[in-house]
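Chain and residue survey
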Amino acid sequence: MKQMQEEHFDPMSHLVPISLYVTIWAALMVFTGITVFAATVELGVFNIVVALLIATIKGTLVVLFFMHLRYSTKLTMVTVVAAIFFLIILFSLSMTDYLTRAWSTSLR
Amino acid sequence: MATAVQTVERENYLNSDYGIKSWLLTTDHKRIALLYLVSITAMFWIGGFFAMLIRLELLTPAGDLVSSDTYNKLFTMHGIIMVFFFLIPSVPATLGNFLIPLMVGAKDLAFPRVNLLSWYIYMVGAITALTAMVMGGVDTGWTFYTPFSTTYSNTHVMGAAIGIFITGFSSILTGLNFIVTIHRMRAPGMTWRRLPLFCWANYAAALIMVLGTPVVAITLLLVALERAFNIGIFNPQLGGDPLLFQHLFWFYSHPAVYIMILPGMGVINEIVTCFSRKRVFGYEFVALASIAIAVLGFLVWAHHMFVAGISVYAALVFSLLSYLVAIPSAVKVFNWTATLYKGSIRYETPMLYAFGFIGLFTVGGLTGVFLASLGVDVHVHDTYFVVAHFHYVMVGGMVMAYMAGLHFWWPKITGRMYPEAWAKLSALLVFVGFNTTFLPLFIVGYMGLPRRYHAYPPEFQVLNVLSTAGASILAVGYVLPMIYFLWSLRYGEPAPPNPWNAVGLEWMTPSPPPTHNFDETPIVTWEAYDYEHQPQEEVTVGH
Ligand code: HEM
Ligand SMILES: [Cu+2]
């Protein structure tokens, strides 16, 4: 493995400045604050939308910076995009059921 | 060993080191494959034991041997063990582990220690699940449907679910290891187009393991959370949706059936080409069919839920998509058949099993297409027709392929030949026993006998007796190889490096292979399955 990394890519060679890590950490903290605050506001169904949106942004930050995806090879990025792609399949095909289930009851 | 000169046995992965510790701490993919082989074989016999009890109960229409509660536990534990602890790891963790590095010309998998870790995780998961079973068992069915599993069942759902959850990680790690190995560790000249189809098939299965397993793991965790803390996710009384469980479960578990079958299809490619002395018909199509199956397999899951109360419009979409999966599966069957065409076919044991696979998988796959059509499924859902369908693909298909592969590579793995006549007999017994067991189930299912009951109306008895009789033949067919494989370890004839005169890098190194697989890294300048141009005499690299 070691010699392979030297050939292709070495994550440590892109030394990320500590300040960037701190900034990201601060951003995550701010978002956590917003999540807590948003939970106290009555938004109806949008409460869950807001919570998930913030969580997605936070997750993206973690993956991009803390997990070094930004500095990784194309293959690694393709891998992550593939995972997201399959998550979209899970959600969208499930929605073919949830969004149209009411229509079928009206058929009966 | 009958040479006149006293020769020192060549160093190989088996004799390089001795003692329990050298096995439990090994990072050699070949030894880890054997650790897995022993473990999943044990699980196979435990699962098989439950199956025999099920078949014995069904010998008579009355529920006389076991109570209905016990019967529920028996089929549940049979299913859990066979699916999660035997079939899913079967070919990848044993033959895949052993062969992928050899086939791509590498010294080991990309992450040898992760490989060992995956075995330990498997063992922890297996022991957890077995403990739950010893302590009283589970009765939810291997599918853990909610809200029964989360609210009503008072059996050891937690233990079993956690066992499966844990084992899921071993599957993810194995998949990850295969993907990275196949991307990064191929020998010079081993291009994607020269890659043996066994590797393509395992690569496709690995994609599913990595992409799908987390979903079932999280789903089972949600079941555990709802059970323990009454969080409303699946239970409608708590504001949940029971069908959400089925969506999430089958999002993994339909693709998981392809985790099971794809590596088996890979085995069949190797054997069909070797024993018909032909290059595989349509290499690219077979390779891409594996990937297509892996991707399309994620688009069909709700065909398990047609009558569960999902939207009929969704059912329509999923029915259509399910038909699509049949296409790449059919591509494979047609291509194997075309490979056989005008080949010089030899009927040795691995090939007998491979023939069994092709026929039985076709029956299983085609009945899958029946089930995918909405109208038919309303009639046969949750009957023995479904049971027959998936046993044709899983046992008739996958277990056949596994046996085919074990026989084909046994000389490579152990350095010993198995007794051919006994092996042929076992292949025959398995084929006859299998069909006697499961063909009747199509009929009783079509006539409307529901699955998962310990008693049934007397008019179904004849076919059920037939099925139980078949199961005993099948059992003999599986016990035999167990005996002669063990026998061959000691008394089998020493195997030459390439007993089948096969192509493929794994046959160009001694049997059993040295610890580092190849004395010098092979350089590949030929396509896979170059049987038509292969010289008569076998070639050996590294002497
Ligand atoms: C040719 C492609 C296939 C199609 C179109 C197909 C279709 C189906 C359908 C529609 C069902 C649901 C039937 C019902 O419950 O009413 C089903 C059940 C099942 N299939 Fe297949 N199938 C295919 C291949 C496979 C393969 C290759 C395997 C395994 C290696 C498999 C394993 C199963 C299992 C385990 C079940 C039953 C699960 C349960 O309810 O316990 N199928 N199949
Ligand atoms: Cu399915």
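Rules of the game
- Residues numbered from 1 in each chain as written.
- Chains lettered and ligands numbered in written order.
- Predicted model: local features only at pLDDT ≥ 70, side-chain atom pairs only at ≥ 80, totals over all residues.
- Heavy atoms only, no water.
- Donors = N, O, S within 2.8 Å, 3.2 Å for Na, K, Ca; no water.
- Buried < 20%, exposed > 50% of the residue type's maximum accessible area, 1.4 Å probe, protein only.
- Near = heavy atom within 4 Å.
- Polar contact = N/O pair within 3.5 Å; in protein donor to acceptor, adjacent residues only side chain to side chain.
- Helix = DSSP H or I, 4+ residues; strand = E, 2+ residues; numbered from the N terminus.
- Axes fitted to C-alpha atoms, helices over the stretch in contact; angles between N-to-C directions.
- Parallel < 35°, antiparallel > 145°, perpendicular 65-115°, else oblique.
- Contact = heavy atoms within 4.5 Å.
- Nonpolar A, V, L, I, M, F, W, Y, C, P; charged D, E, K, R; others polar.
- Core = buried A, V, L, I, M, F, W, Y, C linked by side-chain atoms within 4.5 Å.
- Left-handed = near helix turned anticlockwise from the far one by under 90°.
- Buried area = accessible area lost by both parts, 1.4 Å probe.
- Salt bridge = Lys/Arg side-chain N within 4 Å of Asp/Glu carboxyl O.
- Domains from an automatic or database assignment.
- Expected span 1.5 Å × (residues − 1).
- 1 Å grid on protein atoms, 1.4 Å probe; cavity = no way out; pocket = protein on both sides within 12 Å on 5 of 7 lines; lining within 4 Å.
- Points joined across faces, edges and corners; volume = space filled by probe spheres on them.

1. As for the coordination of the copper ion (ligand 2)
Residues and elements named next belong to chain B. Only H254 (ND1), H303 (NE2) and H304 (NE2) from the protein coordinate the copper ion (ligand 2), and they sit 1.8 to 2.1 Å from it. Expressed as a motif, the donor residue spacing for the copper ion (ligand 2) is H-x48-H-H. The distance between the copper ion (ligand 2) and the iron atom of ligand 1 is 4.4 Å. A residue is classified by how much of its surface remains accessible, and H303, at 16% relative accessible area, is buried. The partly exposed category is assigned to H304, whose relative accessible area is 23%.

2. Re the site of ligand 1
All names here are of chain B. For ligand 1, the set of nearby residues contains 21 residues, the closest of which are W142, D377, H381, H389 and R451. A distance of 2.9 Å separates a nitrogen atom of ligand 1 from a polar atom in the side chain of H389. Contributing elements (two or more residues each) for the shell around ligand 1: α9 (242–276), α12 (349–372) and α14 (384–414).

3. Thoughts on the packing of α14(B) against helix α16 (residues 461–491) of chain B
Residues and elements named next belong to chain B. At a closest axis distance of 12 Å, the pairing of α14 and α16 adopts a crossing angle of 10°. Looking at the two axes, α14 sits roughly parallel to α16. Contacts from V395, V399, M403, L406, H407, W410 and T414 of α14 reach α16 at Y478, P481, Y484, F485, S488 and L489. Considering only residue class, the contact of α14 with α16 consists of 10 nonpolar, three polar and no charged.

4. Describing the coordination of the iron atom of ligand 1
Coordination of the iron atom of ligand 1 by the protein involves just one donor, B:H389 (NE2), at a distance of 2.1 Å. Mapped onto the elements, B:H389 comes out in helix α14.

5. Considerations on the nonpolar core
All names here are of chain B. Residues I80, F357 and W409 are the most contacted members of the largest nonpolar core, which totals 181 residues. Top contributing element to this core by residue count: α14, with 21 residues. Excluding its chain neighbours within four sequence positions, the residues that come into contact with I80 are F85, M133, V138, W142, F144, A160 and I164.

6. Observations regarding the packing of helix α2 (residues 29–57) of chain B against helix α5 (residues 112–134) of chain B
Residues and elements named next belong to chain B. Between α2 and α5, the shortest axis-to-axis distance is 10 Å and the interhelical angle comes to 15°. It follows from the interaxial angle that α2 and α5 lie roughly parallel. Handedness of the α2/α5 crossing: left-handed. Residues H29, I32, L35, Y36, S39, I40, M43, I46 and F50 of α2 touch α5, and the partners they reach there are P112, N115, L116, S118, W119, Y122, M123, A126, L130 and M133.

7. Overview of the interface of chain A and chain B
Each partner contributes residues to the interface: chain A has 19 residues there, and chain B has 26 residues. In this assembly, chain A packs against chain B so that about 2000 Å² is buried in total across both faces, 74% of it on carbon and sulfur atoms. At the surface where chain A touches chain B, the tally comes to one salt bridge. Across the pair A:R101 and B:D241 runs a salt bridge whose closest N-O atoms are separated by 3.4 Å. Viewed at the interface, chain B and chain A are joined by six residue pairs in polar contact (both at pLDDT 80 or more). Within the residue set of the side of chain A that touches chain B, elements represented by two or more residues are α1 (2–8), α4 (74–98) and α5 (101–107) of chain A. Here the element with the most residues in the side of chain A that touches chain B is α4(A); it accounts for 11 residues.

8. Considerations on the domain arrangement of chain A
Here chain A is partitioned into domain 1 (16–67) and domain 2 (72–100). Placing a centre on the C-alpha atoms of domain 1 of chain A and another on those of domain 2 of chain A gives a separation of 21 Å.

9. Observations regarding α4(A)
Relative to the 36 Å expected for 25 residues at 1.5 Å per residue, α4(A) spans 36 Å between its end C-alpha atoms, a close match to the ideal helical length. When we look at burial in α4(A), the residues that qualify are A:F86, A:I89, A:L90, A:L93, A:S94 and A:D97.

10. Regarding the pattern of salt bridges
A full pass over the atoms with the stated rule returns nine salt bridges over all chains. Its salt-bridge partner being B:R279, residue B:E527 comes within 2.8 Å of it at the nearest N-O pair. Of this pair, B:E527 sits in the segment after α16 while B:R279 sits in the loop between α9 and α10 (283–296), placing them 248 residues apart in sequence. Given a relative accessible area of 28%, B:E527 falls into the partly exposed group. Taken together, the shared-partner salt bridges connect A:D97, A:R101 and B:D241 into one network.

11. Quick word on empty space enclosed by the protein
All names here are of chain B. Scanning the model with the defined rule gives six cavities of 30 Å³ or more in all. As a volume, the largest cavity reaches approximately 180 Å³. Lining of the largest cavity is provided by 19 residues; of these, F84, I88, T167, S170 and S171 occupy positions nearest its centre. Elements that contribute at least two residues to the lining of the largest cavity include exactly α4 (90–104), α7 (157–184) and α8 (197–229). The element that contributes the greatest number of residues to the lining of the largest cavity is α7, accounting for seven residues. Of the residues belonging to the lining of the largest cavity, the class tally is 13 nonpolar, six polar and no charged. Approximately 110 Å³ is the volume attributed to the second largest cavity. Surrounding the second largest cavity, 14 residues form its lining, R194, P196, G504, L505 and A528 being those nearest its centre. Here the lining of the second largest cavity is composed, by residue class, of nine nonpolar, one polar and four charged.

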